[in-house]
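# Coordinates in review
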Amino acid sequence: MAQSPSPVEESERKRRRALALKLAHAALNAVDPQAAIKRRLQRAGSILTVEGRQYNLDQYKRVLVVGGGKAGAPMAQAVEEVLGDRITAGLVNVKYGYGGPTKIIEIVQAGHPIPDDKSVAGTRKMIELLSDSDEQTLVIALISGGGSALMVAPVEGVTLGDKRKLTDRLLRSGANINEINAVRKHLSLVKGGGLARLAAPADIITLLVSDVVGSPLDVIASGPTVPDTSTFQDAWNVLEHNGLTDDLPPSIQRHLEAGLRGVTPDTPKLGDPIFHKTVNVIVTSNEIAAAAAIQQAREEGLNTLLLSTFVEGEARQVALVFAAIAREVEQSGNPIPLPACIVAGGETTVNVRGQGVGGRNQELALAAAIRIAGLKRSMIMTLATDGSDGPTDAAGAIVDGDTVARATQLGLDPTTFLANNDSYNFFKRLNELFITGPTNTNVNDLLFVLVT
């Protein structure tokens, strides 16, 4: 029978937990998309300025706002605050539960991560809005994480059902976001530069909230307004590498094979004139969130280290690394002395083998809990900045050296839950889920290692 923590140890655990929550909220506040838009998009009379470029609104007959992603509603609200009645019309697709009040721009709530009929209907309405674009049209595209699933317009012959089946298989295969998007871009009318093609020859301002490691423009929401660096061959290689080529929906197989043969044109590439009048601006990102957490930790008197914002890989394998770091700090004071806060960002993946419920952050936390069992001063917190880790209502989880012992007292075997990919139900029993509700932003994942 595991020994219960002493009152002093329990008090310390609660203090660390409160500190971890404070750091998480500091990070989330720093990447509020509404504030980020208003810092980058400014207006003085009829002159709109973004990234040093000026646009005279009096020269445009129409100003259209389109886009998709989990941060879409507050982004739309910010654009309305800046442009007001200069906006002619607009529509932005967001995830269910991520809506917000707007006056002119229509907010359509739709399916994510698996698109649904609302995703398609909203996107087709965007395409209709852009159908009459000309040199006197200004298009403002609001793009954020989740946009790939929320902005859906399948190529001719491919159904939504076909795309949903393939997306689900890709997600379960453990493919990373770059690989998934390479496939989706070659099955879409709007991804991979498709939106810019539809809007040309209009001026286009794209404002992006990045949810991709390193923030490559062509990967964020599958790059609807930037040149595509991937090809039909790349898309096929992703499917082949993940063992999915033998069971493709026939319509998707036909389309990809036509692309491989050169019968179907590839997505627009660098140098295509449709991009000459497009500016893409990242308004906030994982780096900004991580930096805010570091700043908050310093204000709390902790020694800090921003380890990386490029963390990728299988969640339970990444957990081994951060658990080892926690153990090293606790035992030797390296790479930074106590009291220590190490922050990392990125996005891991999960190769789903079990029948349980969870997400990459919760799975990482569960694997880490097993490896830091018995440590007295360490705590690890993981979270998805959009507030929704995988198909759950949790953003992530918080674990420490006592997590496994407390689970054992409740008759829970953490290794069994991990093998079944059932991290959500494990942490729910322990009351160690981190639940924020929809944050209306999405800048990838964060991980905190506290050793105090």
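One can find the structure itself at the top, above this paragraph.
Quick look at the structure, then. Numbering of residues starts from 1 in every chain and runs along the sequence as written. Totals for whole chains, interfaces and linings use all residues, but because this is a predicted model, local features are given only for residues with pLDDT of at least 70 and pairs of side-chain atoms are given and counted only at 80 or more. Think of the side-chain values as coming from all heavy atoms in the structure, minus any hydrogens and water.

### Examining the nonpolar core
Only buried residues count toward a nonpolar core. Its members are Ala, Val, Leu, Ile, Met, Phe, Trp, Tyr and Cys residues joined through side-chain atoms within 4.5 Å. Relative accessible area decides the class of each residue, using a 1.4 Å probe on protein chains only: under 20% of the type maximum gives buried, over 50% gives exposed, and in between gives partly exposed. Residues L48, I140 and L207 are the most contacted members of the largest nonpolar core, which totals 57 residues. Whether two residues touch is decided by their heavy atoms; if any such pair falls within 4.5 Å, the residues are in contact. Ignoring sequence-local partners within four residues, the contact set of L207 consists of I37, L41, V50, M75, I140, A141, L142, I143, V281 and V283. If you look at the next biggest cluster of nonpolar residues, it comprises 38 residues, including A315, A368, L447 and V451.

### Describing the sheet that holds strand β6 (residues 105–110)
The strands making up a sheet are joined through hydrogen bonds of the backbone, oriented either antiparallel or parallel. The strand order β6-β5-β4-β7-β8-β9 describes an open sheet built from six strands, whose pairing is parallel. Each having just a single partner strand, β6 and β9 (278–284) make up the two edges of the open sheet. For this sheet the average axis-to-axis angle between neighbouring strands, irrespective of direction, equals 15°. Where strand β4 (residues 62–68) meets strand β7 (residues 137–144), seven bridges bridge the pair, whose relative direction is parallel. By the bridge assignment, V63 is partnered in β7 with L138. In the packing of helix α2 (residues 33–40) onto the sheet, the strands contacted are β8 (203–209) and β9, and the crossing angle to β9 comes to about 130°. Any two strands with at least two DSSP bridges between them are considered paired. Strands are runs of DSSP state E lasting at least two residues, helices are runs of H or I lasting at least four, and both sets are numbered from the N terminus onward. To obtain each axis, a line is fitted to C-alpha atoms, and for helices this fit is confined to the stretch in contact; angles are then taken between N-to-C directions over 0 to 180 degrees.

### Considerations on the packing of aromatic side chains
When the centres of two rings from Phe, Tyr and Trp lie within 6.5 Å, Trp using its six-membered ring, the rings pair. Their planes under 30 degrees apart give stacked, over 60 give edge-to-face, and anything left gives tilted. Evaluated as defined, the whole model comprises two aromatic pairs. Ring centres of F426 and F427 lie 5.2 Å apart, and the angle between their planes is 80°; on these two criteria the pair is classed as edge-to-face. Residue F426 shares its accessibility class with F427, and that shared class is buried.

### With respect to the pairing of strand β12 (residues 378–384)
Burial of β12 is extensive: seven of the seven residues sit out of reach of the surface. Bridging between β12 and strand β15 (residues 445–451) involves seven bridges; their strand directions are antiparallel. The residue bridging A384 from the neighbouring strand is D445, located in β15. Here β12 pairs with strand β13 (residues 396–400) via five bridges, running antiparallel. Across the sheet, residue T382 finds its bridge partner in β13, namely A397.

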